[in-house]
Amino acid sequence: IAGRARPETAPLIGCFVNMLPLRLDLRDQPSVLALVRRVREVALSAYAHQDLPFEQVVEALHPERRLHHTPIFQVAFSLRHAPLETLRLPELELSIGDAFSGTSKLDLTLNMIETADGLRGMFEYSTDLFDAATIARMAAHFHTLLEAIVANPDEQIAHLPLLTEAERQQMLIDWNRSGAEYPRDAAVHALIEAQAARTPHTHAIIFEGQALTYAELNTRANQLAHHLRAQGVGPDVLVALCVERSLEMIVGMLAILKAGGAYVPLDPTYPAERLQYMLSHSRSPVLLTQAALVARLPEHTAQVFRLDADWHTLAAYPTTNPARTALPEHLAYLIFTSGSTGRPKGVMVTQRGLINLVHGLRAYFDDPAVQTTGLITSISFDISVNQIFPSLIFGRTLHIIPDAVKLDSRALLRYLDDHQLHLLDAVPSYMQAVLNEVAPELPPNALRYLLIGGEKLEQRLLQAVFGQIGPAVEIVNIYGLTEISDINALGVIRVEDLGKPITVGKPLQNNRIYILNAANQPQPIGIAGEVCISGQSVSRGYLHRPDLTAERFVPCPFEDGALMVRTGDLGRWRADGTIEILGRIDHQVKIRGFRIETGEIEAVLAQHPQVSECVVVAREDTPPAGGHPDMRLVAYVVGEPKTKHQAPGEDGSQFLVPGAAALRQHVGASLPDYMVPSAFVVLDALPKTPSGKIDRKALPAPELAAELDERFVAPTNLIEELLASIWANVLRVERVSIHDNFFNLGGHSLLAAQLVSRIRETFGIELPLRSIFEAATLAELARRISAAPGDLSEAQPPLQPVSREGALPLSFAQQRLWFLDQLAPGSTAYNVPIGMRLRGSLDVAALHHSLSAIVARHEVLRTSFSTVNGKPIQVIAPAGPLDLPLHDLTDVVEEAERQATARQLSIAEAQQPFDLAHGPLVRARLFRLAADEHLLLVTLHHIVADGWSLDVLLDELAALYTARATDTTADLPELPIQYADYAVWQRDWLQGAVLERQLGYWQQHLAA
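Cut-off values and rules
- Residues numbered from 1 in each chain as written.
- Predicted model: local features only at pLDDT ≥ 70, side-chain atom pairs only at ≥ 80, totals over all residues.
- Heavy atoms only, no water.
- Helix = DSSP H or I, 4+ residues; strand = E, 2+ residues; numbered from the N terminus.
- Buried < 20%, exposed > 50% of the residue type's maximum accessible area, 1.4 Å probe, protein only.
- Areas by Shrake-Rupley, 256 points an atom, 1.4 Å probe, with all protein chains shown as cover.
- Axes fitted to C-alpha atoms, helices over the stretch in contact; angles between N-to-C directions.
- Parallel < 35°, antiparallel > 145°, perpendicular 65-115°, else oblique.
- Contact = heavy atoms within 4.5 Å.
- Phe/Tyr/Trp six-rings, centres within 6.5 Å; stacked < 30°, edge-to-face > 60°.
- Lys NZ or Arg CZ within 6 Å of the ring centre and 35° of its normal.

Asks: When you look at the overall build of the chain in this model, what are you seeing that I'm missing?
Replies: Along the chain, the regular secondary structure elements total 29 helices and 38 strands. Burial analysis of the chain (1008 residues in total) assigns 53% to the buried set. If you sum the accessible surface of the chain, you get close to 43700 Å²; carbon and sulfur atoms cover 52% of it.

Following this line, the structure appears as structure tokens:
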């Protein structure tokens, strides 16, 4: 059927060519030539199964169906041969033009036509997704790529460039011009000392009615610093700081820096096991804490100083500033973050990185309108750094917001208003929760800046902030990692920006951001890649983890001698030079601003004696109405199999299954509260992809899993019992309810093929593979087996004419198009316009006769599609003349205006919908542009024709027009079959075993 149709070989103007979604394995990064060979092999293998309609593949795979895009794929590449760009007719020259229907069927299609002069291409795209500038860039990238392929066909495809030189200059250089002066040789504590000298009597910190002025803060920190010096604290010495929210917390941090050391914040709410690991891993010789916490601390070897009970011992130490010993390259702090190996990892941040961060935020903290700031987060969370130090260095008053206040939304807003806080830093989920719980009658009118970071910022939060706090506030969307001194990019959002795309702005001063693919090639504008960052803020890496440091801190390919951090975040450049963060390339998640490696939770879960497998994911199953999505951690566990000496449970289970309470207690003993899953789901097996990896998308929602367990119904007859046994074996589950869904229990397409094989062996019947998709529960499939016929014949019937008596079926492709028309009546998405330019002396009557003869010759062009008992059938109308209206545009004087009018009228004509039930489904219209120039537009519906039909149309038009103009007979043989004959043949044969065998091939090919 498919191919370059000629009247003598394939006289079917209604034939359809299958689109072949070919899946290629590119994991080994093949060269261009290797890829070409691989494509050839896959394509040839696919052609052996080309008779299988694409619609049947979709039906079997059962993908999620959406009206706004096609299933399986949304991007296509089309290559075809232009049969005759120019036809020579009597006194006339006919050339094919680009006719556009105004509608794109897919998200993006690149149509390439092979002509005598080379390849000609055209992009067809959805304007809901792309604009003209994006497509123009894409075309330029394609051109760059093709040049590179020709120049070096042995290069790996991942290393081929896409960017033009101008784009490389723009993204690598121009958008990274972030250089700015700052006190590079300064120390953090020295800048605070200078501020204390300028404003000694200004309140530096306030907590629960207590306050310290800058002079008092500096004096206390000095005394403690001298004590720490006496204990051996100096440059790069790590000092643990485990305190509750208090004035002493800030005193301790500053004192450690003054002593030349680096502070290691330990949250006292963490489990003892985690605190013990942090203390031992950091090897801190000194621990600053409070008397009430000493008894709760795990065993350690550090020397303890209680900031409250032992303070009197510092009276003998001087109050003067200690001599500076720490240099910019020395450590300022070490913060532990979640680790994928099951243990947290300590990030070493230098004085230089902290100073650069502080001065990058100067515009907000040094604003005269900002005199007060608020500290909400724990100092164990890196976002605290940009709340504390900029405030103290620029002389602002830092309010340490008590736990009781920050956990009460109304109390928090009252606090902000009562204390006239001008700047606040919070994570989006926290701020959304606050605004969800309060009415707008308590607005913190003094708030000037709201720094938001740690999670994705949503439009709903922007609307809530501007609506409830006030339109005058500026939201600063910040982005960064602990590994790069916390903030690496920021962008300001004002009320007039509502509804615009949310970005993180541009790189922070002295930082450079690159969006790269896996081969370190820069990604074009709008294309996702990994966010990589270099510059002054890059930290030293991970404490005692040289392997992980080398993996994440890599040489920057665009800066000699510089390191960059591979963040693991996905991002893309926008056309205005701002950056949009899209997600992660791994399984790291962010919950309430905390960066969590789910692998760390899985490692702890796996230590439970009754857990054999587990996986932890972040879900958004139940977002609150109108609020920020309720992201939560859910753990899925598989119990350990029971031994032969252990009796089955009451439900017959052969697994040792721990309860949710026991699992929660187990995890909570090692991990902080924010890492304890909110739900635990026990499964008999984790769903796997064909490659053996855990299929995270197939994990059931917690409520669904509980519901499935509660409604277990045992098999009721022999077929159900045998089938349940097969399911249990294939899915590796212990028991199966007759209401269980094959795919909810972990089934997938390859397992479905195994299931069909087992059914064949057990029941002796050939069940179509699509039955597993159509009857997914055990009870439904058992009924299908009971009614199944015997083996289907694989003998191929001949393609021959059939009787026109009775109802004629639709082909598979026509069924799909008919169904789509029922979903969206009047859609012009499947109009096929063909434009032809006619130059010379046109015989309009001969043209009209030729077009009418083509319609008379091909039944499919006279076919409409009626419905009988809810099913569509083909109705073939008798032959008759085709209407050919003529529009004379010669009265339009200006050539450009005349051409524009013709194009406008052509598009309007191409966008006129067809009525499938009544027809006709082909239209023709002629435009006269001059006495010797005409434009012919033929528009067909895709249900009766496709792109390959153009070959037949042109060949027959040339033959018929030439015969009519020269008063001869066209040499066109009689058609042995029509498209309706093919539709019947397809129905009778392809629904049998051959289709199932071919379907199995496509199942295997597309299963991943």
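Let's pick the thread back up.
Asks: When you look at the packing of helix H5 (residues 188–198) against helix H11 (residues 385–393) in this model, what are you seeing that I'm missing?
Replies: Packed helices, taken two at a time, are described by the angle between their axes plus the distance between the axes. Where H5 meets H11, the closest approach of the two axes is 8 Å, and the angle between their N-to-C directions is 45 degrees. Considering their axes alone, H5 and H11 lie oblique with respect to each other. Within the contact between the two elements, H5 uses Val188, Leu191, Ile192, Gln195 and Arg198 and H11 uses Phe389, Leu392 and Ile393.

Asks: What's the story with helix H8 (residues 272–282) in this structure? I'm lost.
Replies: Helical geometry: 3.6 residues make up each α-helical turn, so side chains three or four residues apart lie on a common side. When we look at burial in H8, the residues that qualify are Arg274, Leu275, Tyr277, Met278, Leu279, His281 and Ser282. Buried positions along H8 lie against strand S8 (238–241), strand S10 (286–289), strand S12 (331–337) and helix H17 (598–605). Note on H8: the residue one or two positions beyond its end, Arg283, has a positive phi of about 55 degrees.

Asks: Sorry, what's going on with unusual backbone geometry here?
Replies: A cis geometry characterises the amide bond from Gly919 onward to Pro920, with omega recorded as -5 degrees. Structurally, the position occupied by Pro920 is in the loop between helix H26 (895–910) and strand S37 (922–930). For Ser485, which is not glycine, the phi dihedral falls at a positive 60 degrees. Residue Ser485 is classed as buried on the basis of its relative accessible area of 1%. For His544, which is not a glycine, the phi torsion comes out positive at approximately 55 degrees. Along the chain, His544 turns up in the loop between strand S23 (541–542) and helix H16 (546–552).

Asks: Would you take a moment to explain the packing of aromatic side chains for this structure?
Replies: To describe a pair of aromatic rings, you give the distance between the ring centres and the angle between the ring planes. Tallied over the entire structure, the rule returns eight aromatic pairs. Centre to centre, the rings of Trp175 and Trp573 are 5.1 Å apart; their planes meet at 40 degrees, and the pair counts as tilted. Of this pair, Trp175 sits in the loop between helix H4 (165–173) and H5 while Trp573 sits in strand S25 (residues 563–573), and the two are 398 residues apart along the sequence. Each member of the pair, Trp175 as well as Trp573, carries the same accessibility label: buried. The structure contains a cluster of three or more aromatic residues connected by ring pairs, namely Tyr263, Tyr333 and Phe389. In this structure, Arg448 packs its charged tip against the face of Tyr449, placed 4.7 Å from the ring centre.

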